[in-house]
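Chain residues, written in single-letter form:
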Amino acid sequence: MVCVFGLISLLDLPLQLFPDIERPQMSIQTSWRSASPQEIESEIVEPIETVMQGLPGLEEISSNISAGNSWLNMTFAVGSDMDATLVEVLSRMNRLPPLPRDANPPVVRSGGFSAGDTLTYFFVQKLAQTPGNVDDYRKLIEDRIVPRLTAIDGVAGVEVYGNDTDELAISVDPQRAAALGIQLPEIAALAARATDVSGGSVEVGRREYVMRFAGRYSPEALGGLILAWRDGRPVRLADVASIDLRPPPDGAVAYQNGNRAFGLRVLRANGANVLATLENVVATVDELRESELRPQGLDIAQSFDSGIFIRRAIGLLSGSLVAGLVLAVACLWWFLRDVRATGLIACAIPISILATFIVLKLSGRSLNVISLAGLAFAVGMVMDAAVVVAENIVRLRESGMPALQAALQGTRQVGGALLASTLTTVAVFLPVIFMEDVEGQLFSDLALTIAIAVGMSLLVAITVLPAAAGRWLGSRGSREGDGPWVRVSRRALAATASRPRQLAWIAGLVAAPILLTVALMPRIDYLPPVQRAAADANIDLPPGMSIQRADREIAPILLERMRPYMDGDKQPKLRNWYLNIWGSGSAALGARTEDPGRTDDFLRILREEITADLPDTMSSVYRGPLFGGFGGSARAIAIHLQHPDADALIEAAELGRQRLTERFPEGTVRTWPNVAAATPELRIAPDDRRLAEVGWRRSDLATVVRTLGDGHWLGEQFDGDSRMPIILRGADEPSLTGLRGAPLATPYGGITQLADLARIDTVLAPSQLRRLDGRRTVSLTIDPPASMSLQEALEVVDREIVPALRGELPSDAEVRVSGSADRLDEVVRTMGGNFAMALLVLFMLMAAMFRSLRDSAYVMATLPMALLGGVLGLQVLNLVSGQSLDLLSMIGFIMLLGMVINNAILLVAQTREAQAEGLDLDGALHEALSRRLRPILIAALTGVMGALPMAVNPGPGAEIYRGMAVVTVGGIALSLVFTVLLIPALLRLLEARRARVPAAAMSAADAVGSA
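Residues numbered from 1 in each chain as written. Predicted model: local features only at pLDDT ≥ 70, side-chain atom pairs only at ≥ 80, totals over all residues. Heavy atoms only, no water.

Asks: Sorry if this is basic, but what is going on with the overall build of the chain here?
Replies: Looking only at helices and strands, the chain has 33 helices and 32 strands in total. By principal-axis analysis of the C-alpha atoms, the chain measures approximately 140 × 70 × 65 Å. Burial status across the chain gives 53% buried among its 1011 residues. Counted over contacts in the chain with a minimum sequence separation of 6, partners at least 24 positions apart contribute 78%. Taken as two groups, the 92 positive and 108 negative side-chain charges of the chain have centres that lie 6 Å from each other. (Helix = DSSP H or I, 4+ residues; strand = E, 2+ residues; numbered from the N terminus. Buried < 20%, exposed > 50% of the residue type's maximum accessible area, 1.4 Å probe, protein only. Contact = heavy atoms within 4.5 Å. Lys, Arg positive; Asp, Glu negative; His and termini not counted. Charge placed at Lys NZ, Arg CZ, Asp CG, Glu CD.)

Here it is, written out as structure tokens:
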């Protein structure tokens, strides 16, 4: 039944890359058409930050602002009630002062701005013969494609990237309007006031009529709006402006595989089966391509596919799991040389693993690389109990005992020790399972799977195996001694026979490993530097370059350089690639090769050929991190500079960027906001006296500036189906000469020019702003190279970079180091506490099982050698491929405690049992070693074989758990070799001292009595 329900649970488990992580974050996104970062900061972001201050559990609030948009992210304490927090945030949003009329309402969402929610990306592009621009078909995509994708189970939503919907543009001719004496502010006011108004109801006779004033013009009739009368004739809007529907100016430009496109980001719902959802999404897209898009001359292609890495990672882990299973079973057979006994013991593997699937399903977990890694480690562990029980039953059968009696007595003899060893194995994982922070949520699946599998293996060993042993396990007759095991036992006792030898072994196997472990401990890191099979580049465009000009000057160069690799004329051939040009002075290029193993080759080409020699640009080329987020990878170190003097911040940030680049030549250094991307700004300062003379106020001149710039928002046109903005703008493209000399009709000053009413200066202004906890901030981030641990990088930053920045900034400036720096310190404290808690739990649990603190201490004394073995394994791996003590390796040490302590528990328990039967200490130790050495060796080697494939597998993504596997293999192997010497040395030395104390006391009493 367990196997049947386990298979059903396995087929129904959600399949994804990582476990679902509950991030205590909340985000607010706002947009305001054509607004500068400074305006958004003062009118939208700062008021939101003010009303959010004092939220329960709020730890940090950060805001990133660019032209037209802002992203505000709030981080809360772990354990915060996010449902109640969401209600409180929405309530506080109602306290905001009125936002600008043309600003879109803020969008509040749970969670931060994370790439981890992305299921996949698609790009929509035209077929070769299709006329027009691909952005013209955005409404078709939003009406027909997006609803179908959103309806798929497991899809949380679909975001469309590209230009906004069409706008109703009123393109006014300033010269014509001035000649007719029409003021631009009057046009704006009259066109904006033409709206529908409800007049309530009126009763006429026996009927009640609803009154409604239909004052809004249709797009076709808007040109008939009368603006003024000249010489008895009306001047209509159509006389000074043209009215038409048109797409807005490009807010972003995208290319996929060399073709103009716009993107669709498909978001994953929490708990969704990623692979199954992806298959449904791809199938639906294939159907829509044929039924909806191709008839319109469009095509849609997938770009980012998270299923690729999931399949590769799960395939790699599955292969390691199967290889570990085969090696463990082969090792078992080599010792037993009995197919039936091997099969009976090996049945613990499928039963335990399938039972684990049942618990994962009932607890709402998913099948991911973390839980699969736990199962792969468990393969070698779940046979331990079965090996001990089967070995003891076989030993009793060989002594001539009947099958049923051998099964019962053999299980009873080792049951207590097995219970103790299993409880200790499970107990060490409890601190990890109950960790509430992000790291605990990430790795609790590993701890849970191992704990469940090992617990189930005990039930199999004491129930299923004894029931089948009587029928399956035959007797091969008695054997003289036990051959090699007796000889090893005698040699171990001979090596620890004298007091000097005992002291030497204890010093060499307890004290020396502690000192060596401290001396050889690797440098500390946060998470493994696992990288995606993708080459990425961030390109900083020349300051002030518009999207349109970048599309004309930069994009063609990149398209031409990428074409041979996409067509296969040059190697490595690309699977797909994309180019995005943003409105914040930056562009992003990403590519995936057909052969994932050649990603590094194309990374070099991207750095040395594709992005080289682009005029007036700066590029950073890197492989995208698997563990990543905003502002860099999970190993990114952030340095926040805060001070009211913006110029001082910019100078210090530039110095910091240079120092970081020099100190970390192979790392990736970024600044946010980009201090080199200042935007040239035409700053128009009104002349209040001249404005009063011509009869205008500042607000009138502001309307003129908006109209002659990106356009002045008048309202929205709603046709019962969709909305479109109404924009009043100049007929000609704005230019510096045109703005200065633009003719303007005024109430009292006749026709004048903009330059007569205001001073126009050219200055540099930031294109982006960043705020942290209510203060303007410039942040430097550094992703250390994979060859350098995070601890080493932090030491360099604290020793060299931070003092230089403090010397460059004013004395009252603040320099904060955060990001992975904060996380690393917290993780080290947490894991150190968990390690200490695991040791305490082990000691108290064994003391309760043995009913002796002394025996518990004997067992705990074997742990230093295991820790040294794990450290040596990391050092060997570091010589081969570079390995530090990261979070997963730390969890490997915790896991190691519960694995290696089982051997000592069996030896001490068997020794005490033999003493209880009347043997002296030496005889009891000899019997314990003779009886338990083979099952201990079998259990240890099967554990090593189960983890070995993950330690040596060179496949993609193996870095995630390779360190943990090496810790396990090294710790078990070294502990196994020396436990057979340490336990006899401890018992013989300390028990002899206990025996001498009563003897001395009795001799003294006899002497007193005789006197």
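Asks: Can you help me understand the sheet that holds strand β12 (residues 241–246) in this one?
Replies: Pairing between the strands of a sheet is mediated by backbone hydrogen bonds and can be parallel or antiparallel. Here we have four strands laid out as an open sheet, ordered β12-β7-β26-β25, and mixed in their pairing. The open sheet has two free edges, formed respectively by β12 and β25 (712–718), since each of these has just one partner strand. Averaged over all adjacent pairs, the angle separating strand axes in this sheet is 25°, with direction ignored. Both β25 and strand β26 (residues 723–730) contribute to a ladder of six bridges, which runs antiparallel. Of the residues in β26, the one forming a bridge with Gln717 is Met724. Across the sheet, helix α6 (residues 184–193) touches β7 (167–172), β25 and β26, and the angle it forms with β25 is around 20°. (Pairing = 2+ DSSP bridges. Axes fitted to C-alpha atoms, helices over the stretch in contact; angles between N-to-C directions.)

Asks: What is the right way to look at the domain arrangement of the chain in this model?
Replies: Accessible area lost during the coming together of the parts is what is often quoted as the interface size. We note that the domain assignment places domain 1 (24–113), domain 2 (183–195 + 215–239 + 679–766), domain 3 (338–476), domain 4 (481–520 + 852–994) and domain 5 (545–618) within the chain. Using C-alpha coordinates to define each centre, domain 1 is positioned 51 Å away from domain 3. (Domains from an automatic or database assignment.)

Asks: In this structure, what is going on with the side chain of Gln256? I would like to understand it.
Replies: Within the element layout of this structure, Gln256 appears in strand β13 (residues 253–256). There is a polar contact of 2.9 Å between the side chain of Gln256 and the side chain of Gln125. Non-local contacts of Gln256, meaning those with residues more than four positions away in its chain, are made with Phe123, Gln125, Ala261, Ala301, Gln302, Ser303, Trp577 and Tyr578. (Polar contact = N/O pair within 3.5 Å; in protein donor to acceptor, adjacent residues only side chain to side chain.)

Asks: Teacher, can you tell me more about the pairing of β7 here?
Replies: On any regular strand, side chains alternate: one points to one face of the sheet, the next to the other face. Taken across its six residues, β7 has six buried, putting it largely inside the fold. In β7, alternate side chains face the same way, and those of Glu167, Ala169 and Ser171 on one face and Leu168, Ile170 and Val172 on the other are all buried. As paired elements, β7 and β12 share six bridges and run antiparallel to each other. Bridge assignment links Ile170 to a residue of β12, and that residue is Ile243.

Asks: Could you clarify how one ought to interpret the pattern of salt bridges in this entry?
Replies: When their charged atoms lie close together, side chains carrying opposite charge are able to pair. All told, the structure shown has 43 salt bridges when counted by the stated rule. For Arg604, the salt bridge identified is with Glu608, shortest N-O distance 3.7 Å. Pair noted here: Arg604 and Glu608 are both in helix α21 (residues 599–610), with a separation of four residues, about one helical turn. Residue class for Arg604 comes out partly exposed when judged on its relative accessible area of 41%. When the shortest N-O distance is used, the salt bridge between Arg690 and Glu693 registers 2.8 Å. Here the residue Arg690 and the residue Glu693 both occupy positions in helix α23 (residues 688–694), the gap between them amounting to three residues, near one helical turn. Here Arg690 falls in the partly exposed class, since its relative accessible area comes to 27%. Take Glu693: its relative accessible area is 40%, and that puts it in the partly exposed class. Among the charged side chains, a network of salt bridges with common partners joins Asp286, Arg289, Glu290, Arg294 and Asp299. (Salt bridge = Lys/Arg side-chain N within 4 Å of Asp/Glu carboxyl O.)

Asks: Sorry if this is basic, but what is going on with the packing of helix α22 (residues 646–663) against helix α27 (residues 790–808) here?
Replies: The N-to-C vectors of α22 and α27 enclose an angle of 155°; their axes lie 9 Å apart at closest approach. Looking at the two axes, α22 sits roughly antiparallel to α27. Where α22 crosses over α27, the two elements pack in a sense that is right-handed. Within the contact between the two elements, α22 uses Glu651, Ala652, Leu655, Gly656, Arg659, Leu660 and Arg663 and α27 uses Val796, Val797, Arg799, Glu800, Ile801, Ala804, Leu805 and Glu808. For the contact of α22 with α27, a count of residues per class yields eight nonpolar, one polar and six charged. (Parallel < 35°, antiparallel > 145°, perpendicular 65-115°, else oblique. Left-handed = near helix turned anticlockwise from the far one by under 90°. Nonpolar A, V, L, I, M, F, W, Y, C, P; charged D, E, K, R; others polar.)

Asks: Could you clarify how one ought to interpret the confidence of the model for the chain in this entry?
Replies: Keep in mind that low pLDDT regions are not for reading the predicted coordinates in detail. On average, the chain scores 83 in pLDDT, and the residues at 70 or more come to 93%. Below pLDDT 50 for its whole length, residues 477–481 participates in five contacts with residues either more than four positions away or in separate chains. Across residues 997–1011, where pLDDT falls below 50, the model places zero contacts with residues more than four positions away in sequence or in other chains. (pLDDT = per-residue confidence, 0-100.)

Asks: I tried to follow the pairing of β13 on my own but got confused; where do I start?
Replies: Here β13 shows two buried faces, one formed by Val253 and Tyr255 and the other by Ala254 and Gln256. Pairing of β13 with strand β17 (residues 574–581), which is carried by four bridges, proceeds in the antiparallel orientation. Bridge pairing in β17 links Val253 to Ile581. Of the strand pairs in this sheet, β13 and strand β14 (residues 259–268) are connected by three bridges, and their pairing is antiparallel. Its bridge partner being in β14, Gln256 is matched across the sheet by Asn259. A loop of two residues connects β13 with β14, the two strands running antiparallel in sequence, and Asn257 in this loop sits at a positive phi of about 55°.

Asks: Hey, could you run me through the nonpolar core in this one?
Replies: Looking at soluble globular proteins, one finds that nonpolar side chains tend to be buried together. Ranked by size, the top nonpolar core spans 204 residues in total, and within it Leu264, Ile345, Leu465, Ile639, Leu641, Leu660 and Tyr961 carry the most contacts. Domain assignment of the residues forming this core places at least three in each of domain 3 (338–476) and domain 4 (481–520 + 852–994). If near-sequence neighbours (up to four positions away) are discounted, Leu264 is found in contact with Thr120, Tyr121, Phe122, Val124, Ile141, Ile145, Val158, Glu159, Val160 and Ile300. Counting 35 residues, the second largest nonpolar core, distinct from the first, contains Ala228, Ala241, Leu691 and Leu757. (Core = buried A, V, L, I, M, F, W, Y, C linked by side-chain atoms within 4.5 Å.)

Asks: Please clarify how the environment of Ile182 should be interpreted in this entry.
Replies: Topologically, Ile182 is positioned in the loop between α5 (174–179) and α6. Its relative accessible area of 2% is what places Ile182 among the buried residues. Sequence separation of Ile182 and Asp166 is 16 residues, and the distance between their C-alpha atoms is 27 Å. Among all residues touching Ile182, those that are not within four sequence positions of it are Ala177, Ile187, Leu227, Ala228, Arg230, Val235 and Ala745.

Asks: When you look at the packing of helix α13 (residues 384–398) against helix α32 (residues 921–952) in this model, what are you seeing that I'm missing?
Replies: Relative orientation and spacing of two packed helices are given, respectively, by the angle between their axes and the distance between those axes. Put simply, α13 and α32 touch, their axes get as near as 9 Å, and they point 150° apart. Judged on the interaxial angle alone, α32 and α13 are roughly antiparallel. Every pair of crossing elements has a handedness; the one defined by α13 and α32 is right-handed. Residues Asp384, Val387, Val388, Glu391, Asn392 and Arg395 of α13 form the contact with α32, whose participating residues are Arg931, Arg932, Arg934, Pro935, Ile938, Ala939 and Thr942. Within the contact of α13 with α32, the residues separate by chemical class into five nonpolar, two polar and six charged.

Asks: Help me out: how do you make sense of a nonpolar patch on the surface in this one?
Replies: A contiguous nonpolar surface patch, about 440 Å² in accessible area, is contributed by Met1, Val4, Phe5 and Ile8. For Phe5, the location among the structural elements is in helix α1 (residues 2–12). The class for Phe5 is partly exposed, based on a relative accessible area of 44%. (Patch = residues over 30% accessible without salt bridge, like charges linked within 9 Å, V, L, I, M, F, W, Y side chains within 5 Å. Areas by Shrake-Rupley, 256 points an atom, 1.4 Å probe, with all protein chains shown as cover.)

Asks: How should the environment of Pro513 be read in this particular structure?
Replies: Relative to the helices and strands, Pro513 is located in helix α18 (residues 499–520). As a C-alpha pair, Pro513 and Leu867 span 354 residues in sequence and 7.8 Å in three-dimensional space. Once residues lying within four places of it in the same chain are set aside, the contact partners of Pro513 are Ala507, Gly508, Pro864, Met865 and Leu868.

Asks: Any chance you could explain unusual backbone geometry here in plain terms?
Replies: Apart from glycine, the bulk of residues carry a negative phi angle, and the bulk of peptide bonds sit in the trans form. Residue Pro572 is bonded to the preceding Gln571 through a cis peptide linkage, with omega at 0°. Looking at the element boundaries, Pro572 is found in the loop between α20 (555–567) and β17. Backbone torsion omega between Trp672 and Pro673 reads -5°, so that peptide bond is classified as cis. Within the secondary structure, Pro673 is located in the loop between β23 (668–672) and β24 (679–686). Positive phi, normally seen in glycine, also occurs at Asp231, with a value near 55°. Structurally, Asp231 can be placed in the loop between β10 (226–230) and β11 (233–236). The residue Asp773 is not glycine, and still its phi comes out positive at about 55°. Locating Asp773 in the fold gives a position in the loop between β30 (768–772) and β31 (775–783).

Asks: Could you clarify how one ought to interpret the packing of aromatic side chains in this entry?
Replies: Given two aromatic rings, their pairing is described by the distance between the two centres and the angle made by the two planes. Tallied over the full model, the rule gives two aromatic pairs. Ring centres of Phe123 and Tyr578 lie 6.4 Å apart, and the angle between their planes is 20°; this geometry places the pair in the stacked category. Residue Phe123 is found in strand β5 (residues 118–126), and its partner Tyr578 is found in strand β17; the two are separated by 455 residues along the sequence. Across the pair, Tyr578 and Phe123 agree in class, each one buried. Ring centres of Tyr565 and Phe602 lie 5.6 Å apart, and the angle between their planes is 75°; on these two criteria the pair is classed as edge-to-face. Linking Tyr565 in helix α20 with Phe602 in helix α21, this pair joins segments that are 37 residues apart in sequence. Like Tyr565, the residue Phe602 is buried in the burial classification. (Phe/Tyr/Trp six-rings, centres within 6.5 Å; stacked < 30°, edge-to-face > 60°.)

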